[in-house]
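Chain by chain, the residues run as shown.
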Amino acid sequence: MTQPRADPADALAELGRIRLDEITLDDMLHRIATLANQSVPGSRDVSVTLVRDRAGWTAAFTSKLARELDEWQYEQQRGPCLDASVSGDTISVPDMAVEQRWPEWAQRAGAAGVGSSLSIGLPIQQSVVGTLNVYGGSANAFDPAAITVAERFSAYAAVALANAHTYDNAATLAEQMQEAMRNRAVIEQAKGIIMGERRCSSEEAFALLSKISQDTNRKVRDVAAALVASAVDSTRR
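Everything numeric in this text was worked out from a predicted model, so none of it was measured.

Rules used throughout
- Residues numbered from 1 in each chain as written.
- Predicted model: local features only at pLDDT ≥ 70, side-chain atom pairs only at ≥ 80, totals over all residues.
- Heavy atoms only, no water.
- Pairing = 2+ DSSP bridges.
- Helix = DSSP H or I, 4+ residues; strand = E, 2+ residues; numbered from the N terminus.
- 1 Å grid on protein atoms, 1.4 Å probe; cavity = no way out; pocket = protein on both sides within 12 Å on 5 of 7 lines; lining within 4 Å.
- Points joined across faces, edges and corners; volume = space filled by probe spheres on them.
- Nonpolar A, V, L, I, M, F, W, Y, C, P; charged D, E, K, R; others polar.
- Axes fitted to C-alpha atoms, helices over the stretch in contact; angles between N-to-C directions.
- Parallel < 35°, antiparallel > 145°, perpendicular 65-115°, else oblique.
- Left-handed = near helix turned anticlockwise from the far one by under 90°.
- Contact = heavy atoms within 4.5 Å.
- Expected span 1.5 Å × (residues − 1).
- Buried < 20%, exposed > 50% of the residue type's maximum accessible area, 1.4 Å probe, protein only.
- Arc of directions from axis to C-beta.
- Polar contact = N/O pair within 3.5 Å; in protein donor to acceptor, adjacent residues only side chain to side chain.

Report on the pairing of strand β2 (residues 55–61), specifying residues and quantitative values.
Relative to β2, strand β1 (residues 43–52) runs antiparallel, the two sharing six bridges. Counted as the bridge partner of L50 is W57 from β2.

Encoded structure:
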């Protein structure tokens, strides 16, 4: 499938303009795949592989074919995208018809209409690495100039992904802290209600909440919220 082409410099500029507070990590990944597909000469399809704890998955793709070619590698635990993610290097498969390193995968790719590929390592974080996979529709689709464009784009993409991953983790942590604070607030309210009714200490009030939680197989926060809601209802009657 012929893709609309974009100037590589424009693609890099667009990556640099993306604001992390206005885009999700998934959206960032899909934008990277789309921009790479439009800007790397000879590209037919693009995917982004992420690897954590030796487990790989396709986080973004421009076609089902790209995803399927990736997934075969994950299932067999071998292939250019996995090797590139580990080494951080660029691995080129110039011609699927004569590829000897991964002959079964190359045969599948060739039968599906993919004649060549590039896999370029993306060092994102210590715990997460990845690969930009660029698939060409013909043999020798990527000349030295195209490979240079793909490598330069990947360098910018790796920085963008690392920043997005860090931002996403920080946002998740902030949300978890806010939830913890909300939970603490409702538990403190429930403890205050129990202390007022039973004339007991804070520790005894929490022990009662914990016992009800265990007896009813509910979270302490849910028990506390129900108690507070019941107290509010009773005051309105």
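Explain the layout of surface pockets to me, using residue names and the numbers behind them.
Considering only enclosed or pocket space, the largest pocket measures out at about 190 Å³ in volume. As for the largest pocket, its lining consists of V51, R54, A55, G56, Y74, Q77, L82, S85, V86 and V129. Among the elements of the structure, β2 and α4 (80–87) are those that each provide at least two residues to the lining of the largest pocket. For the lining of the largest pocket, the leading source of residues is α4, giving three residues. Looking at the lining of the largest pocket residue by residue, the class counts come to six nonpolar, three polar and one charged.

Give me the lowdown on the packing of helix α3 (residues 64–76) against helix α5 (residues 103–111), citing residues and values where you can.
Helix-helix packing is described using two parameters, namely the angle between the two axes and the distance between the axes. Look at α3 against α5: their axes get within 11 Å of each other, and the N-to-C directions meet at 165°. By the angle between their axes, α3 is roughly antiparallel relative to α5. For α3 against α5, the interelement crossing comes out right-handed. Along the contact surface, α3 presents L69, W72 and Q73, while α5 presents E104, W105, R108 and A109. Here the contact of α3 with α5 is composed, by residue class, of four nonpolar, one polar and two charged.

Requested: an account of helix α7 (residues 202–216), with residues and values cited.
Here α7 spans 21 Å end to end across 15 residues, near enough to the 21 Å set by a 1.5 Å rise per residue. Taken residue by residue, α7 has A205, L209, S210 and S213 as its buried positions. In an axial view of α7, the angular spread of the buried residues amounts to 140°, which keeps them on one side of the axis. Opposite the packed face of α7, turned more than 90 degrees from it, sit the exposed residues E203, Q214 and D215.

With reference to specific residues and values, describe the side chain of T58.
With respect to the element layout, T58 can be found in strand β2. With relative accessibility at 15%, the residue T58 sits in the buried group. One polar contact links T58 to D70, side chain to side chain, over a distance of 3.0 Å. Side-chain polar atoms of T58 contact the side chain of Y74, separated by 2.8 Å. Apart from the residues within four sequence positions on either side, T58 is in contact with S47, V48, T49, R67, D70 and Y74.

Report on the side chain of S154, specifying residues and quantitative values.
On the secondary structure map, S154 appears in helix α6 (residues 144–198). On the basis of relative accessibility, which here comes to 3%, the residue S154 falls in the buried class. Excluding residues that lie within four positions of it along the chain, S154 makes contacts with I120, L122 and L132.

So what's going on with the sheet that holds strand β3 (residues 90–93)? Which residues, and what values?
Spatially, the five strands line up as an open sheet ordered β2-β1-β5-β4-β3, and their pairing is antiparallel. At either margin of the open sheet sits one strand with a lone partner, and together these are β2 and β3. For this sheet, the mean inter-axis angle between neighbouring strands, taken without regard to orientation, is 20°. Relative to strand β5 (residues 129–136), β1 is paired through eight bridges, and the arrangement is antiparallel. Paired with L50 across the two strands is G130, which belongs to β5. Helix-sheet contacts for α4 involve β1, β3, β4 (116–123) and β5, and the interaxial angle to β5 is about 140°.

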